[in-house]
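Residue strings, one per chain:
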Amino acid sequence: MDFITIDSQSVPIEGEKNILSIIRKAGIDLPTFCYHSELSIYGACRMCVVEDDRGRVFASCSEQPRKGMVIKTNSSKIQKYRKLIMELLLSSHCRDCTTCHKNGICELQKLAYKVGVDAVRFTNNKETLPLDTSSPSIVRDPNKCILCGDCVRTCDEVQGVGALDFAFRGSEMQVMPAFNKPLAETNCVGCGQCRVVCPTGAITIKKDEERVWEALDDPNTRVVAQIAPAVRVAIGDSFGIPKGTNSMGKLVGALRRMGFDKVYDTTFGADLTVYEESKELVERIQNNEKLPLFTSCCPGWVKFCENKFPELTDHISTCRSPQGMFSALLKDYYRTQDEKEGVDMKTFVVSIMPCTAKKGEAIRDDYKTDGVQDTDASITTAEAARMIRRAAIKFEDIEEEAVDMPFGIVSGGGVIFGVTGGVTEAVLRKISYDKDHNHKALGEIKFSGIRGIEGVKETSIMLGDREVKIAVVHGLGNASKLIEEIKAGKRNYDFVEVMACKRGCVMGGGQPVPAGPRTKQMRMKGLYSVDTASQVRTSNENPLVRLVYDDMINGREHKLLHTR
Amino acid sequence: MVLKSREDLKQIRVESQNKMAVDDCRILICAGTGCLAGGSQEIYNRFEELTKDIDSVSCEFGREIAHVGVKKSGCHGFCEMGPLVRIEPMNYLYIKVKPEDCEEIFNETILKGKPVERLLYEVDGKRYESQEEIPFYAKQTRLVLKNCGHIDAENIEEYLAFGGYSALEKVLFDMKPSEVVNEIEESNLRGRGGGGFQTGYKWRQVAKQPEKIRYVVCNGDEGDPGAFMDRSIMEGDPHKMIEGMMVAAYATGAQEGYVYVRAEYPLAISRLKGAIEQAEAYQLLGDNILGTDFSFKLHINKGAGAFVCGEGSALTASIEGERGMPRTKPPRTVEQGLFGKPTVLNNVETYANVPMIIENGSKWYLGIGTEGSPGTKAFALTGSVNNTGLIEVPMGTTLGEVIFSIGGGVKNDAKFKAVQIGGPSGGCLVDTDLELPLDFDSLKKRGAMIGSGGLVVMDENTCMVEVARFFMNFTQNESCGKCVPCREGTYRMLEILERIVNGEGKLEDLDMLEELGQAITDTALCGLGKSAALPVLSTLKTFRDEYEEHINKRCPAGSCEKLRSYVIDPEACKGCSKCARNCPVEAIEGVIKSPYVINQEKCIKCGACIDSCPFKAIAIAN
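What counts and what doesn't
- Residue numbers here run from 1 along each chain, matching the order of that chain's written sequence.
- Ligands are numbered from 1 and chains lettered from A, in the order in which they are written.
- The predicted origin of the model limits local features to residues at a pLDDT of at least 70 and limits the giving and counting of side-chain atom pairs to 80 or more, whereas totals for whole chains, interfaces and linings rest on all residues.
- UniProt positions are given in the numbering used here, feature names are shortened, and annotations may be inferred rather than shown by experiment.
- We call two residues in contact when the distance between their C-beta atoms, placed using the backbone, is within 7 Å.
- Each helix is a run of H or I in the DSSP string that is no shorter than four residues. Each strand is a run of E no shorter than two, and both are numbered from the N terminus.
- Residue polarity follows a fixed list, in which Ala, Val, Leu, Ile, Met, Phe, Trp, Tyr, Cys and Pro are nonpolar, Asp, Glu, Lys and Arg are charged, and the others, Gly among them, are polar.
- With C-beta atoms placed from the backbone, a residue is labelled by how many other C-beta atoms lie within 10 Å of its own: buried for 20 or more, exposed for 12 or fewer, partly exposed between the two.
- An automatic or database domain assignment supplies the start and end points of every domain.
- Paired strands, in this sense, are two strands between which DSSP finds at least two bridges.
- Note on geometry: axes are C-alpha line fits, over the in-contact stretch for helices, and angles between N-to-C directions span 0 to 180 degrees.

- Under an unreviewed UniProt entry, the name given to chain B is NADH-quinone oxidoreductase subunit NuoF, and the organism recorded is Aequitasia blattaphilus.
- Looking at the Sequence similarities (unreviewed entry) heading of the UniProt record, one finds this comment for chain B: "Belongs to the complex I 51 kDa subunit family."

- By the naming in an unreviewed UniProt entry, chain A goes by [FeFe] hydrogenase, group A and is assigned to Aequitasia blattaphilus.
- Turning to chain A, the UniProt record has this under Cofactor (unreviewed entry): "[4Fe-4S] cluster".

This is how it looks when you write it as structure tokens:
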């Protein structure tokens, strides 16, 4: 095995493509802004510069390891450079840290502290640029951008959207959509992955918290919350709870303390989705029309398909997403109840989502019932955490509480909607239960190849004597490639699950940041553990779902649960 | 006509030579950008008109001028003296020709064969009839620029007549690709674009890549302020560069090539376009060239004039339609260059060296220049020097020879102060460097670089701090903005330099300049960034006292406007009040018939008072 020397420590080269990975393996956490193992190497921040034994200075992220190299990461020269580069970055950054939404979780702030910058000797004389608040999902503040290009590469390389790029040169360079159009007028799908990688407050979540506080304050408004599956394994991040821990019970308790009248689990909506979507799939297969059927749970994907593959929108399931179905049901339930009891109350449905694109979904016309918006406010996990903090609730100490009836039982299959492959797994559970009425199939489905983090996963199931071919894809870039292949006739499926974000909703654009490789892994694991521990594993075993169909929906599936 | 074999090429060459031989007299009017700006098109039109008239009545004027060919040739390289007209076969060179001189030239030289004395070049009382005798040319070795100014750049036949495409012929029929690579490697031809990288090594790397689709790219994005070597070759002898690219393509197995030219070079672009079209018409470019298996297509790509696009990876990104930004390496351009394929990337002058190396052999080439840097180098000599223009000298010629023997010394007999070599990426050489041989290694040792070959001469009236500010302003404007040290660092350096030339600098600023300069040099991503601080660092080293003087609010060269003050000499002032009336900011006060005084606080240093004073009583004090 070949070795290189890092600060007098001999470290083996084990297939690493760059010296930075070896340095980090050696326990030295060199600061970086533009290096992400999932993105191409950009080499712009220069924070990872190191020195070799001949005094040559270079960026370790873009240098190939060669046997026998002697690297110094902390010579006084290197430390001086690192500090100066940091100082230069800070010098043209809007440094209103105390009022910034990224305060406390800002990578720039953190690294400035780590690098030990003690003064910024230059004045920021950059012109203050206007914010772009046009998107329902995210806000761009160019004054806080440090031009690391992480958002540009994520949007292009991972998501295949390319809504953002660089414009202008030199010290006038900026990140913006083409022709500096407002984001809302671009092909941005609102997935928020740019916000996840942004090290500063330059891209943040569009906040809907205030409207929720106002509703909570209004005595004539019944405020109802629904919590998406992926939220429970991520919200704890904001309160120092171990990564991936299921904090659903605490969140329910916290929301009640904040004044929410009823708290539900969006997983119930997922259970309804499983019913509707598996029915749709079987029908389409029987009629052999509009195949493959694409899932519709993910609003980033739906918008992407509408933008890039408008000819395929017919293939998207007509099911509303779990958020959409559940909000419509909740609004209908309270309206009916209030009418019956002669109560005059408004119902305000708040969905707590791991997702920024859900904000855009909530205001879509096909997510309105009788012209009324079903989800009144869609807030992200990160906003929910902020609200809890503002309410001064000690989240970590709160007693766990259960969600409210009559929607208080949910299935494990619905919970794993929050991870790539989960929708498919839940639908497969339902279809095979309908077929065999037993649980044996669960294990088989688990190991059928739909779990895991490969970009595209495939499986198939027999429906009678018909083989149903299934693909699971996550990350819009992967989806785009897959669809091109489907269009070219190179691949052929009956059912395709698409999640805009890599790994699914657990890594959605509205989840707490930063989220490194371990966090990603633990969130996925967390959801699968919830499923395993569930009393009810498949949607059709959920006794409440049957009741809801019989007592509330009464044949109005297409009005309440579908987009058309 | 399509050339299908070696014999076809030979035949067309002979035909072209014959065609040229019938021109008894040739009037060559320089059509380089400088001369065109001086009105050479009008001169050309005038000559054409004159000769056309005569032609129509040729029986009257006899046979001696039966065929007068008027040619638009590329840059002669003596730009200071343009527009230039050269008459062959007498070889008379006329300088600063005006359209009204044409008739006299026609009458005297064309008809009678006599020189027009007043239009000849004159120095130290001596008139030089022919170009070759003029010291500016006599001291040069023009190999790459040999054809420039001598052949019609818009006519492939003339290039053929002068032996053009014989290097291509030789490699296609007498050499294996590997032999061509060997020959170039043995010649030790080093890249003329700045770095001086071994061309043969580069070609070898491309030739050995497993990927079979390969590209040959020519960097014609000459962006240094004051540099025009590559432009002159593209304008004056485009086929030489094209031939060099074809040899490279043959040697490395490439099928397609791109010439990246800045859009600010419209003449170069149109000449290249014409040259490619003519070569395609002969099928010297295209499929199965000269009936062989070798096929090569050449495209022109116009760059939008970003300096950074001269950097290899930014250039290829720009051709691909991406934003011109350098990327990290590896992979290198030879492995994954244009469209991710192995790519030979050399500059114009490097390719123009190739045909003669192939024709004459590497041994011949090694005999020119120095051991480590064989061959010649073209320089663009500008600034405060008597003869500005394009020159070509063997590598290793000393700086003194270039400035004094060829350049004719500093303008207006001022004292030589420094020369900026290599443009904004280069360094500053001073009077103690006059014996320094100009070659890659000597300059590198001295902390400077040839760059693409710009030489800006500066005299005692040049402020070195202002020079540093000028170049920093240039690099700051041209930084792509990708990496932090270059984007933010050069911005801060410029900010400090502006402060200093405005007399608002502090002594700590000099330390900050050094700190920033060192950090940028060591940590920037690309060559542009790494060299961005060099003009400041090198002037700071050599002319630190000048920086310090500025901090004491004095510009020793008297060139920094903010540090100048206008003073009225009370002895000379008659109190006429004219200056006060002309002052746009009412900074001059006084009483009629007694001396006036300029209020320095109010003065904006516009100089209106100096112009208006009838008694020359106002002067600039440093």
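There's more to say after this.
Some remarks on the interface of chain A and chain B
Here's step 1: Tallying the contact residues gives 24 residues for chain A and 22 residues for chain B.
Here's step 2: Elements supplying a minimum of two residues to the side of chain A that touches chain B: strand S4 (57-59) and helix H2 (76-91) of chain A.
Here's step 3: At 6 residues, the largest contribution of residues to the side of chain A that touches chain B is made by H2(A).
Here's step 4: Here the residues of the side of chain A that touches chain B are counted per class, giving 15 nonpolar, 7 polar and 2 charged.

Things to note about the environment of A:Val233
All names here are of chain A.
Here's step 1: As for its position among the elements, Val233 is in the loop between strand S10 (221-227) and helix H7 (248-258).
Here's step 2: Judged by C-beta crowding, with 33 C-beta atoms within 10 Å, Val233 ranks as buried.
Here's step 3: Each C-alpha atom, one on Val233 and one on Leu527, is 6.8 Å from the other, the two residues being 294 residues apart in sequence.

Focus on the domain arrangement of chain A
Residues and elements named next belong to chain A.
Here's step 1: Split into domains, chain A comes out as domain 1 (3-74), domain 2 (91-205) and domain 3 (210-560).
Here's step 2: A straight line from the C-alpha centre of domain 1 to that of domain 2 covers 26 Å.
Here's step 3: Between domain 1 and domain 2, the residue contacts involve 10 residues of the former and 14 residues of the latter.

Section: the sheet that holds strand S12 (residues 389-394) of chain B
Residue and element names in this part refer to chain B.
Here's step 1: Spatially, 5 strands are ordered S12-S11-S15-S13-S14 in an open sheet, and the strand pairing comes out mixed. Where the open sheet ends on each side, the last strands, each with one partner, are S12 and strand S14 (427-430). Pairwise comparison of adjacent strand axes, ignoring direction, gives a mean angle of 30° for this sheet.
Here's step 2: As defined by bridge partners, strand S13 (residues 416-421) adjoins strand S15 (residues 454-459) across 5 bridges and the pair is classed as antiparallel. Along S15, the bridge assignment pairs Ala418 with Met458.

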